[in-house]
Amino acid sequence: MKKIFLVLSLLIISSCAFVQKEKTIEFIKPSKTYKGDKTVYISSVSSPRYLDTDDMPYLYKHQLRYFAKHRFPCSLDCTVKNYLLEALPYLVEKPISDYKLSIYIYDFEPYFKTIHEGNMILKARFYLKHKNTYKIEDFNYDKAFSVKDFSGLIDQENIALQVMAKRLNSFIKDAIIILKEGKSV
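In this report, the structure presented in the accompanying data block is examined. (Residues numbered from 1 in each chain as written. Predicted model: local features only at pLDDT ≥ 70, side-chain atom pairs only at ≥ 80, totals over all residues. Heavy atoms only, no water.)

## What about the state of the cysteines?
Under the criterion given, the structure shown has one disulfide. Disulfide partner of Cys74: Cys78, at an S-S distance of 2.1 Å. Every disulfide takes its handedness from the sign of the S-S torsion; for Cys74 and Cys78 that torsion is -90°, giving left-handed. (Disulfide = S-S within 2.5 Å.)

Following this line, the structure appears as structure tokens:
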């Protein structure tokens, strides 16, 4: 009986060693919103498969890794889309506008040079279509950072997204003027 109890106890204890602790969900919210004159349908936000996950990626020594204790509330595409819907309230998820916006995210991760320093990278392409004309613009954000802890890193990701939202707002306003004239660029 003691042997059976000992074996069961060891099985229970060893199985607990493989239970992974739940990751902390990190929310990124815009600190500023932008107004627009026209309603724009945000049809898609997409990224490469390795980025489109709720795991938060980072680069260290030229290797892609994911944080073990932190994650986004949903996939990166979903997180960025929700961020932009809040930051640019004239964006809508229903196709009720003649203006159709698509965004492709090439990169969005911190590149660590040391444990507390590195560069925040965010690269994307904006596509705005109106009838049979369109406008395209690339967005590149690459800024050095120095953080003390993970909350500082989340602040850096928020800053990168805020800069992207501001640039996207300007792009949409400029593109609408050009697209009204029927020019494609």
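## A look at the pattern of salt bridges
Inspection of every chain in the model, using the stated rule, returns six salt bridges. A salt bridge links Lys23 to Asp55; its shortest N-O distance comes to 2.7 Å. Highlighted residues: Lys23 in the loop between α1 (2-17) and β1 (24-25) and Asp55 in strand β3 (residues 55-60), separated in sequence by 32 residues. Among the residues examined, Lys23 registers a relative accessible area of 17% and is labelled buried. Note that Glu93 is salt-bridged to Lys81, the shortest N-O span being 3.9 Å. (Salt bridge = Lys/Arg side-chain N within 4 Å of Asp/Glu carboxyl O. Helix = DSSP H or I, 4+ residues; strand = E, 2+ residues; numbered from the N terminus. Buried < 20%, exposed > 50% of the residue type's maximum accessible area, 1.4 Å probe, protein only.)

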